[in-house]
Amino acid sequence: MKLATLKNNTRDGQLVVVSQDLTKAVLVPDVAHSLQQALDHWELNQPKLQDYYERLNAGKIAKTLPFKEQAIASPLPRAYQWADGSAYVNHVELVRKARGAEMPADFWTDPLMYQGGSDSFLGPHDEILIKNVDWGLDFEAEVAVITNDVAIGAPISETEKSICLLMLVNDVSLRNLIPAEINKGFGFFQSKPSSAFSPVAVTPDELEDAWDGKKLHLALVTHLNNQLFGEPNAGVDMTFDFPTLIAHAAKTRPLVAGSIIGSGTVSNLDRSKGSSCIAEKRMLEIINQGKPTTAFMQLGDEVRIEMFDKKGRNIFGTIKQTVKAL
């Protein structure tokens, strides 16, 4: 099943069920007006939404809308919780080197996670507004899950069952603001502006055997200015899987339905697959050439993030964002 949120001048938008080929959508006000409302009673609403999805794909719904990604908000335009992990530890190691920070040994055994701003996400085709390009604007292509309610201290066996939906993410970062914030000992804030999510969120069964209940085994494809930037496999070199990340987030607090947990920047040790952010590529340039040659994003630059199934079909729709001056 594929779900999306139409922009409609409200904070939470209008929930729609989207056809598998991403061409049509149907309003479902009799089930829920927003995705958060659907998630609040997921066990009750999921079968009803699934029925809409099956009838939509079978051509049995007369009144449908054309699905236009430009009119779509992130699946959850705002969320109660957005916690982003760093599941690909080889990426963390490279980026920390880029800012002269040592890599603690426990990073390989205990997940790293930050709590991001979740009150106002960007839509998948919204512009990235920036006041000063010297702040080092970077994209970070990631995978994320949306959970049901998770009890405090829930074990991994339970957190695996809590995953309702999956999405793609552009976790926008301002790299040149990060070191000063980290050095204060309190973490990211100004260096992590609003993130954007894929046009649709999908249920795990939509991914067939590419989803094993813990990891998504498909390439995450990123283009910068229409040039392939990276296509690492999201299921490879993922040190901490999603149930582990969720359990980490719920160690000292419950998570409510609609919580979003991110994978962190997808990265493979096989460097021929490219990178999912500029910072990683710059670090590799420093290692191989002695200096970085790839600039951070400039005004007018465009990033595109997608994932395709084994038949070449776009699963989540396209995150496509252009940088614009604020």
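Reading guide: rules and limits
Residues numbered from 1 in each chain as written. Predicted model: local features only at pLDDT ≥ 70, side-chain atom pairs only at ≥ 80, totals over all residues. Heavy atoms only, no water. Core = buried A, V, L, I, M, F, W, Y, C linked by side-chain atoms within 4.5 Å. Buried < 20%, exposed > 50% of the residue type's maximum accessible area, 1.4 Å probe, protein only. Helix = DSSP H or I, 4+ residues; strand = E, 2+ residues; numbered from the N terminus. Contact = heavy atoms within 4.5 Å. 1 Å grid on protein atoms, 1.4 Å probe; cavity = no way out; pocket = protein on both sides within 12 Å on 5 of 7 lines; lining within 4 Å. Points joined across faces, edges and corners; volume = space filled by probe spheres on them. Nonpolar A, V, L, I, M, F, W, Y, C, P; charged D, E, K, R; others polar. Expected span 1.5 Å × (residues − 1). Pairing = 2+ DSSP bridges. Phe/Tyr/Trp six-rings, centres within 6.5 Å; stacked < 30°, edge-to-face > 60°.

Take the nonpolar core next. Counting 64 residues, the largest nonpolar core has Val 143, Leu 166, Leu 216, Met 307 and Phe 316 as its most contacted members. The element contributing the most residues to this core is helix H6 (residues 242-249), with 4 residues. Contact partners of Phe 316, with chain neighbours within four places excluded, come to Leu 166, Met 167, Leu 168, Ser 198, Pro 199, Val 200, Val 202, Leu 207, Leu 216 and Met 307. Residues Val 17, Leu 56, Tyr 114 and Leu 165 belong to the second largest nonpolar core, which totals 32 residues.

To continue, consider empty space enclosed by the protein. Picture a little ball the size of a water molecule; that probe, rolled over the atoms, points out where space is still empty. With the rule as written, the count across this model stands at 1 cavity of 30 Å³ or more. Taken as a whole, the largest cavity holds about 30 Å³ of empty space. If you go around the largest cavity, the residues you meet are Leu 6, Ala 25, Leu 65, Pro 66, Phe 67, Lys 68 and Ile 72. A class-by-class count of the residues in the lining of the largest cavity yields 6 nonpolar, no polar and 1 charged.

Let us now look at helix H2 (residues 42-57). In this model H2 runs 21 Å from its N-terminal to its C-terminal C-alpha over 16 residues, within 8% of the 22 Å that 1.5 Å per residue would give. Where the residues of H2 are buried, they touch strand S1 (2-6), strand S2 (14-18), strand S3 (24-27), helix H1 (35-40) and strand S11 (163-170). Just downstream of H2 lies Gly 59, where phi reads positive at about 75°.

Below, the discussion takes up the pairing of strand S16 (residues 227-230). Inspection of the sheet shows strand S15 (residues 220-224) paired to S16 by 3 bridges, in the antiparallel sense. The residue of S16 that forms the bridge with Leu 224 is Gln 227. Counted along the chain from S15 to the antiparallel partner S16, the turn is 2 residues long, and its residue Asn 225 has a positive phi close to 50°.

Before going further, it helps to spend a moment on unusual backbone geometry. If a residue is not glycine, its phi is most likely negative; likewise, a peptide bond is most likely trans. Located in the positive-phi region is Asn 9, a residue other than glycine, with phi close to 65°. Inspection of the secondary structure assignment puts Asn 9 in the loop between S1 and S2. Owing to a relative accessible area of 85%, Asn 9 belongs among the exposed residues under this scheme. With a phi close to 50°, Asn 225 is a non-glycine residue in the positive phi region. Here Asn 225 shows up in the loop between S15 and S16.

Counted according to the given criterion, the structure contains 6 aromatic pairs. On the basis of an interplanar angle of 85° and a centroid distance of 6.5 Å, the ring pair of Trp 82 and Phe 121 is categorised as edge-to-face. Residue Trp 82 is found in strand S6 (residues 82-85), and its partner Phe 121 is found in the loop between strand S7 (113-115) and strand S8 (128-130); the two are separated by 39 residues along the sequence. Both residues of the pair, Trp 82 and Phe 121, count as buried. Between Phe 139 and Phe 229, the ring centres sit 5.2 Å apart and the planes meet at 80°, which makes this aromatic pair edge-to-face. Here Phe 139 is found in the loop between strand S9 (137-138) and strand S10 (141-147), whereas its partner Phe 229 is found in strand S16, with 90 residues between them in sequence.

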